[in-house]
Amino acid sequence: MIPGKDYTQLLGIFIAGNHLNTMEVPVQQQDDELLKLKSPTGGFEQPTEPVMANLDCIISELPNGFATFDRQWRYTYVNNRLLEIFKLSRVEVLGKKAWEVFPHQVGIEFFELLNHAMTERIEAQFEFYYELAECWVEHRVYPTTEGLAILMSDISESKRAELTRVAAEQERDRFFDLSVDLLAIANFDGYFLRLNPAWEKTLGFTATELMAQPYLDLVHPDDLATTPAAAQRLSTGQIAIRFENRYRCKDGSYRCLSWSLRPYDERNLVYIVAHDITERKRDEELLRQSEELTRRILESNRDCIKVVDLAGRLIYMNDYGQSLMEVDDFSTVANSQWIEFWQDSDRESARTAFSIALAGEVNRFDGYCTTCKGTPKWWEVIVTPILAADGQVSQILSVSRDITVRKIAELNDGFLYELMQRLRQLTDPEAIQWEAVKSLGKYLDVDRATWFEVNLEKGLATIARDWDRNGVGSIIGEYSIDEFASPTLQAVLLAGKPIAISDVIADPLTAAHSDNYRQVGIRAFASIPCLDEEGRWVMTLH
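Since we're looking at a predicted model, the values are computed, not measured. (Residues numbered from 1 in each chain as written. Predicted model: local features only at pLDDT ≥ 70, side-chain atom pairs only at ≥ 80, totals over all residues. Heavy atoms only, no water.)

1. Some words on the overall build of the chain
How we decide: Note on conventions: DSSP H or I runs of at least 4 residues are helices, E runs of at least 2 residues are strands, and numbering of each starts at the N terminus. Residue exposure ignores everything except the shown protein chains as possible cover, and the areas themselves are Shrake-Rupley values with a 1.4 Å probe.
Each helix and strand in the chain was counted, giving 17 helices and 21 strands. Split by element, the accessible area of the chain, about 31000 Å² in all, is 53% carbon and sulfur.

Now the structure itself:
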């Protein structure tokens, strides 16, 4: 039983604090005990012995700890719950002074708060952590005539939950505050509610300035058409919205921001993450300008420029290069093996150059490669590695210059030099003439070569000897000029001008006589007229 004569006072404490309603005692039983103490005047009377015993039982089984002190700070009463909280026995507590039971609490705020309540005779409420018991306890202190009464609640579980929540909030706030991205919470009315420091660092506005105006006010005028439309999609239930716009800084300049919005409909909030992509956009524009410059350089270049992947596949050819190679549609040659464009020994030269470029070195060679339409061409080729940012070879660049004219000139010079060396060894005019005709036919790789004399008075062309390849057949004989040459063609030859006919049937100069050409097996020809000193057409190399 609680010592002293303060049951009535203590009962008032419990009723005022509504603590009896928290006891594990049926409500009807609580009411019955209270009615027993009710006086006719409305207050409470000093309880009888049976009532005191009943109340003592109730207080002893309170779910909260309960203790009383006398004015010398001796424990005069402790209930079972308090002993359970601090893992103590009643013998270790009753009659002992508070600092004898809890010596580690001496000199700290706990006893200062108790002493203040005792001295000033005022109620107090505070929380304290008991290291020995490893628990948090909420104290409600009430002054009594005998000293103090303390109601203690073990709030360790709720405190740990609170501390965990606070720690999580602090961690979240640290993440929020330290993020280099622009983090924000806004409402559906278009105002920011919370902003992290990155906004001020990026835009120059303080958080207060930004939250004082609708966030659309800072959007670039040219982006106002798309930004509200993107935000409007939030109301349609779309989970996440992403868009880009330009956002005004305090100094009047604009930063490019990439936004990600996620709504929280239950609270009419929008969570925002914005990335400052100004530098990326600037780099992209510089890259675009660089690529445009590169494209213009490539397209204005008069060489055939190809880009080949590391497997040797053709992935790019500039427009002028396609013209040189007589490519009507690049897709017809895309992914072709670059080495396969070259022929005979030049293919091996191309393979060697490609291998050297793969190793990071530059190589050159001259090679023969026909166009897509079969036109023979010679090329001067430079094969160069294209390096990636890490210094590794990523692609191969091939720059081919059309040197067909130069190459033919070199070949012609070589042929003429060799022919002159052979002709110098001959003295007979007919032998010299025949050697020249035969050598020219072989050099030009034609089916037949001949030299015929022209008699304009008789209108005849006489072929006394000819050279042919692979038994094409001789055309030695005498022919009427009018049967093979139209007046227009004769005028060209009479002027001493060479002429080439690629198709005797299709060419207007020979179409009328195509049957005559067909009878002697001629489909195409080239004729070089020879004039005498008086400028008359007397002979033709055919």
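2. A look at the nonpolar core
Put simply, the rule is: Residues belong to one nonpolar core when they are buried, are Ala, Val, Leu, Ile, Met, Phe, Trp, Tyr or Cys, and are joined through side-chain atoms within 4.5 Å. Here the term buried applies to any residue with accessible area under 20% of the maximum for its type, exposed to any over 50%, and partly exposed to those in between, with areas from a 1.4 Å probe on protein chains only.
Among the nonpolar cores identified, the biggest contains 27 residues, and Tyr75, Phe86, Leu114, Tyr130 and Leu148 are the most heavily contacted of them. Taken together, the elements giving at least two residues each to this core come down to strand E1 (65-70), strand E2 (75-78), helix H4 (80-86), helix H5 (98-101), helix H6 (109-120), strand E3 (124-130), strand E4 (135-143) and strand E5 (147-154). Looking at this core element by element, the count peaks at 5 residues for H6. Core analysis: the next-biggest nonpolar cluster, separate from the first, contains 24 residues, Met317, Val333, Val381 and Val393 among them.

3. Details of the layout of surface pockets
Heads up, the rule is: Buriedness of a pocket was judged along seven lines, with at least five required to meet protein on both sides within 12 Å; pockets are open sets of points on a 1 Å grid over the protein atoms alone, cavities are sets where a 1.4 Å probe fits but cannot get out, and lining residues have an atom within 4 Å of a point. Grid points are joined across faces, edges and corners, and a volume is the space filled by probe spheres set on the points. Each residue is assigned to one of three groups, with Ala, Val, Leu, Ile, Met, Phe, Trp, Tyr, Cys and Pro labelled nonpolar, Asp, Glu, Lys and Arg labelled charged, and all others, Gly among them, labelled polar.
Put simply, the largest pocket is a space of about 630 Å³. As for the largest pocket, its lining consists of 23 residues, and the residues nearest its centre are Val446, Arg448, Ala524, Phe525 and Ala526. Listed by contribution, the elements that provide at least two residues to the lining of the largest pocket are helix H15 (429-444), strand E16 (448-455), strand E19 (499-501) and strand E20 (525-531). With 4 residues, the top contributor of residues to the lining of the largest pocket is E20. The residue inventory of the lining of the largest pocket, partitioned by class, reads 15 nonpolar, 5 polar and 3 charged.

4. A look at the sheet that holds strand E21 (residues 537-541)
Our working definition: What makes two strands pair is DSSP finding at least two bridges between them. Axis definition: a line fit to C-alpha positions, over the contact stretch in the case of helices; interaxial angles, taken between N-to-C directions, run 0 to 180 degrees. It only takes one pair of heavy atoms within 4.5 Å for two residues to be counted as in contact.
Here 6 strands make up an open sheet; going across it, the order is E18-E17-E16-E21-E20-E19 and the pairing antiparallel. Every other strand in the sheet has two partners, leaving strand E18 (477-480) and E19 as the edge strands with one partner each. In this sheet, adjacent strand axes meet at a mean angle of 25° when their direction is disregarded. Bridge count for E19 against E20 is 3 bridges, and the pairing is antiparallel. Paired with Ile499 across the two strands is Ser527, which belongs to E20. Relative to strand E17 (residues 460-468), H15 is tilted by about 60°, and along the sheet it contacts E16, E17 and E21. Contacts from helix H16 (residues 487-494) reach E19, E20 and E21 within the one sheet, and its direction differs from that of E20 by about 50°.

5. Looking at the sheet that holds strand E12 (residues 314-317)
Pairing in this open sheet of 5 strands is antiparallel, and the strands run E12-E11-E15-E14-E13 from one edge to the other. Every other strand in the sheet has two partners, leaving E12 and strand E13 (363-368) as the edge strands with one partner each. If you compare each strand with its neighbour and ignore which way they point, the axes differ by 25° on average. As paired strands, E13 and strand E14 (residues 378-387) are joined by 6 bridges and run antiparallel to one another. What sits directly across from Gly367, in E14, is Trp379. Sitting on the sheet, helix H13 (residues 345-358) touches strand E11 (304-308), E13, E14 and strand E15 (393-402), and the angle it makes with E13 is about 160°. Here helix H14 (residues 404-423) sits on the sheet in contact with E13, E14 and E15, set at roughly 135° to E14.

6. Concerning H13
The line we're drawing: Residue count minus one, scaled by 1.5 Å, sets the expected span of a helix. Comment: arc refers to directions from the helix axis out to C-beta atoms.
A rise of 1.5 Å per residue sets the reference length of H13, with its 14 residues, at 20 Å; its end C-alpha atoms lie 20 Å apart and thus fit the reference within 8%. Within the sequence span of H13, burial applies to Asp346, Ala350, Ala353, Phe354 and Ala357. All buried residues of H13 project into a common sector of 100° when viewed along the axis, lining one side. Just downstream of H13 lies Gly360, where phi reads positive at about 95°.

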